[in-house]
Amino acid sequence: MDEYSRFVDWDKMDVSAQSQDMKELTCSDFHELKQLARQGYWAKNHSLRAKVYHKLISNIPCRTVTPDANVYRDIVVKIIGKRNSSSLPLPEFVDNSLVPTYCLNAEGVGAVRKIILCIANQFPDISFCPALPSVIALLLHYSKDEAECFEQVCRILACNDPSKRLIDQTFLAFESSCMTFGDLVNKYCQAAHKLMVAVSEDVLEVYSDWQRWLFGELPMAYVARVFDVFLVEGYKVLYRVALALLKFFHKVRAGQPLESDSIQQDIRAFVRDIAKSVSPERLLEKAFAIRLFSRKEIQLLQMANEKALQQKGITVKQKSCLFMFQQNVHLAVHAENFKSEIVSVKEMRDIWSWIPERFALCQPLLLFTTLEHGCSLSRFYSHSEGHEPTLLLIKTTAKEVCGAYLSTDWSERRRGGNKLSFFGTGECFVFRLQPEVERYEWVIIKHPELATTGSETENHAPPASSTLSSSSVPSDPSDRLSPFLAARHFNLPSKTASMFMAGSSECIIVGGGDGQALYLDADLNHGRTSHCNTFNNQPLCSESFQISILEVWGFRD
């Protein structure tokens, strides 16, 4: 049909939606390109898409020495020779069982393996890159020959723009991206996350499939539309689409029994057959409707997850490392080592599924309990300080159980001197376990009244007692492990950007979400909650309550 048809099996391609009108792409402005990519401007014409891909990839900043088409022509005969490429083993950094063919003809299928082997020869530093076969197979549909496809893939792999992350090439980068995706699911797909926790013993294993959904299970028409936008906007698009897939899976399959023995297999099957329920346009529309963290904030979260993995010594894909990793993440709460007077092992594991993935690598460590240390706020502080993050658990005399995940060391309270000082990050949250399980997202604190969120903060100035001094806000959030200290995502004015926790010699305040806030008096015998009735949810616990037991847990490597 055109010069880019060599590797395409047109009987498999959906040509019904293809336009024969040849358009041109003349713009170079990023924002205009972004809109055209999202609208599918070049998706309706095979030749136009091929030319746009070539233009976008040619503009990727690369290392000075990046293999090109001529290199491929020089090395392919030496590497492959006269052997049948299908009989050659693929390098260990790709998943040999998952090499998509999409709408490639027999020559194209063989070309994928040849290009992978030549890339392995030219990029010895690649140690783990399961998305590579899919990217090669996709680009072959829009390449004149193997050498051109090889050059385009090499440019993607050799990108040296630190702000433009494209494809994971190490196990550390891949695994940290899976943890980051788990964090994003925890925040943006809570209903789906709740389902994963309920039906899967290994939640992170499910989320570790997120790149496979995109670069393995998605049909050709869908992955091409995702790639259109990915080449313009970068890695963040992949998170968006994967979150949208999970949202659609939950919407379509909620309340239905599993079709297989594994939720992981069910999601894969759903993505493979997504055309039955969602169009490519609807998938992208859903993806871009998610109000995701900024690229900078996601990058900080990814760096924090990488740091946590490095501290555990988990940087390469080895059976021993993977076993240790899974043991730490999914069996961190060991039945034989864990004992709480407030929550069961299962309840603690449920809480562990809510916390940021990098801390799910750690085991719970009891720091303080009123049964042993008494009801003293000073002792509460002395046992809790020096630990970040911490987990607060409360059981009331009415058998209610609630608590809070506290992202910041309680020693931060000293920044305000003797005054009630505010600190913490947007990763803080409060939760209820009894009588019903519920997790509440953050809300900033306005002492002594309940905080307002979002647009409300623009219309109501904070009372004087809740105003932060500039010295109490860290100047460089990137220096901290928690990446959301002054998160623009939360739409907070600068003076209330860190108002998630507060502590003094007289009380403790923790801001929860959906209008929830928890107040504890100095004697640690009494507490109260604030609940905004404008939210359609149940209060955290009784408005005023007596504490039966209080525990503080830390996170042990």
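Source: prediction; values computed, not measured.

Conventions used here
Residues numbered from 1 in each chain as written. Predicted model: local features only at pLDDT ≥ 70, side-chain atom pairs only at ≥ 80, totals over all residues. Heavy atoms only, no water. Helix = DSSP H or I, 4+ residues; strand = E, 2+ residues; numbered from the N terminus. Buried < 20%, exposed > 50% of the residue type's maximum accessible area, 1.4 Å probe, protein only. Contact = heavy atoms within 4.5 Å. Areas by Shrake-Rupley, 256 points an atom, 1.4 Å probe, with all protein chains shown as cover. Axes fitted to C-alpha atoms, helices over the stretch in contact; angles between N-to-C directions. Nonpolar A, V, L, I, M, F, W, Y, C, P; charged D, E, K, R; others polar. Core = buried A, V, L, I, M, F, W, Y, C linked by side-chain atoms within 4.5 Å. Domains from an automatic or database assignment. Arc of directions from axis to C-beta. pLDDT = per-residue confidence, 0-100. Pairing = 2+ DSSP bridges.

A. Structural detail: the overall build of the protein. The helix and strand tally for the protein stands at 20 helices and 11 strands. Counting the 557 residues in the protein, one finds 58% classified as buried. Expressed as a percentage of contacts within the protein between residues at least 6 apart in sequence, the contacts between residues at least 24 apart total 74%. Carbon together with sulfur atoms contributes 48% to the accessible area of the protein, which is approximately 23900 Å² in total.

B. Looking closely at unusual backbone geometry. For the bond running from Glu388 to Pro389, omega is 0°, close enough to zero to count as cis. Looking along the chain, the bond that leaves Gln434 and enters Pro435 is cis, with omega of 10°. Take Pro435: it is sitting in the loop between β5 (429-434) and β6 (438-440). Here the phi dihedral of Tyr102 falls at roughly 50°; this positive angle occurs in a residue that is not glycine. In this fold, Tyr102 is placed in the loop between α3 (69-80) and α4 (106-122).

C. Structural detail: the environment of Val552. Along the chain, the position of Val552 falls in strand β11 (residues 544-556). Taking the C-alpha atoms as reference points, Val552 and Gly403, separated by 149 residues in sequence, lie 9.5 Å from one another.

D. Structural view of the packing of helix α11 (residues 220-233) against helix α12 (residues 236-253). Interaxial distance between α11 and α12 falls to 8 Å at its minimum, and their mutual angle equals 145°. Listed contacts from α12 to Val226, Val229, Phe230 and Glu233 of α11 are Val237, Leu238 and Val241. For the contact of α11 with α12, the residue count by class is six nonpolar, no polar and one charged.

E. Broad picture of the nonpolar core. Ranked by internal contacts, the top residues of the largest apolar core, which has 124 residues, are Trp42, Ile119, Ile136, Ile156, Trp210, Leu218 and Leu283. Ranked by residues supplied to this core, first place goes to α12 with 11 residues. Both domains that furnish three or more residues to this core are identified here as domain 1 (10-158) and domain 2 (171-312). Setting aside residues no more than four positions away along its own chain, Trp42 makes contact with Leu25, Leu33, Leu36, Ala37, Leu48, Arg49, Val52, Tyr53, Leu56, Asp228 and Val232. In terms of nonpolar packing, the next biggest core, distinct from the first, is built from 28 residues, Phe380, Val510, Leu524 and Val552 among them.

F. View of helix α19 (residues 377-384). Where α19 is concerned, the buried positions are Leu377, Phe380, Tyr381 and Ser384. Each buried residue of α19 lies within a common arc of 95° when the element is viewed along its axis, so the set occupies one face. The elements touched by buried residues of α19 are β1 (363-369), β2 (390-396), β7 (501-503), β8 (507-511) and β11. Looking one or two places after α19, you find Gly386, whose phi comes out positive at around 90°.

G. Broad picture of the confidence of the model for the protein. Within the protein, residue pLDDT values average 81, and 81% of them lie at 70 or more. The model gives residues 319-330 a pLDDT under 50, and that stretch makes 32 contacts with residues more than four places away or in other chains. Counting interchain partners and residues more than four positions distant, the pLDDT-below-50 stretch residues 443-497 has 121 contacts.

H. Expanded view of the pairing of strand β3 (residues 401-406). Summarising burial for β3: six of the six residues are buried, a large majority. Residues Val401, Gly403 and Tyr405 of β3 are buried on one face, and the alternating residues Cys402, Ala404 and Leu406, pointing to the opposite face, are buried as well. In this structure, the hairpin formed by β2 and β3 is closed by a connection of four residues, where Lys399 is found at a positive phi of approximately 70°. Bridge analysis of β3 against β5 gives five bridges, and the strand direction is antiparallel. Counted as the bridge partner of Cys402 is Arg432 from β5.

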